[in-house]
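# Descriptive analysis of the structure
Okay, here's what each chain looks like letter by letter:
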Amino acid sequence: MDVEQIKAYIDLNYYEDLSISFFTEKYFISKEHLIRLFKQKYGRGLYEYILKVRMERAKEPLSDPAVKIQTVCEKVGYNDTNYFSKAFKKYVGVSPQEYRSGLTSG
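Below you will find a few notes about this structure. In this text, all values refer to a predicted model and were calculated from it rather than measured experimentally. (Residues numbered from 1 in each chain as written. Predicted model: local features only at pLDDT ≥ 70, side-chain atom pairs only at ≥ 80, totals over all residues. Heavy atoms only, no water.)

The next subject is the environment of Asp2. With respect to the helices, strands and loops of the structure, Asp2 is situated in the segment before helix H1 (3–13). For Asp2, a relative accessible area of 34% corresponds to the partly exposed category. As a C-alpha pair, Asp2 and Leu103 span 101 residues in sequence and 39 Å in three-dimensional space. Separated by 3.1 Å, the side chain of Asp2 and the backbone nitrogen of Glu4 make a polar contact. (Helix = DSSP H or I, 4+ residues; strand = E, 2+ residues; numbered from the N terminus. Buried < 20%, exposed > 50% of the residue type's maximum accessible area, 1.4 Å probe, protein only. Polar contact = N/O pair within 3.5 Å; in protein donor to acceptor, adjacent residues only side chain to side chain.)

We now examine the nonpolar core. A general feature of soluble globular proteins is that nonpolar side chains tend to end up buried together. Core analysis: the largest hydrophobic core is formed by 28 residues, its most contacted members being Ile10, Phe23, Leu34, Leu46 and Phe84. Put simply, the parts of the chain that give this core at least two residues each are H1, helix H2 (20–27), helix H3 (31–42), helix H4 (46–62), helix H5 (69–75) and helix H6 (81–92). Not counting chain neighbours up to four residues away, the residues in contact with Leu46 comprise Ile6, Ile10, Ile20, Phe23, Leu34 and Phe38. (Core = buried A, V, L, I, M, F, W, Y, C linked by side-chain atoms within 4.5 Å. Contact = heavy atoms within 4.5 Å.)

Considering the arrangement of structural elements, one finds Arg100 in helix H7 (residues 96–105). Lacking a salt bridge, the buried Arg100 has Asp64 as its closest oppositely charged neighbour, with an N-O distance of 6.3 Å. At 2.5 Å, the side chain of Arg100 forms a polar contact with the backbone oxygen of Val67. With residues near it in sequence (within four places) discarded, Arg100 still touches Pro61, Leu62, Asp64, Pro65, Val67 and Ile69. (Lys, Arg positive; Asp, Glu negative; His and termini not counted. Salt bridge = Lys/Arg side-chain N within 4 Å of Asp/Glu carboxyl O.)

If you walk through the whole model with that rule in mind, you get three salt bridges. Between Lys59 and Glu56 there is a salt bridge, with the nearest N and O atoms lying 3.4 Å from each other. Taken together, the residues span about one helical turn, with Lys59 and Glu56 both in helix H4 at a distance of three residues.

Right, dumping it as structure tokens:
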């Protein structure tokens, strides 16, 4: 089992509904083993990595004021704008709106 395949899948398909069970079924690996392997190789958990990829991917469209935050939210795999905003704020330190404002006022 090569966790690089899983990382590559996340990098390309971050907007999908990704779960640990999705990967355990796709690659026939136990949840515990997958979590341990991923953390050993990348220094963070699977969910943390998915969150990182999604938040980094959200930054680019947020820099365009013409793109609605709702649209950015959906593009990176979230159905709920409030949940996305909370996750973004926790990860980046500011809300998506504040992030956008900081870019345009700079």
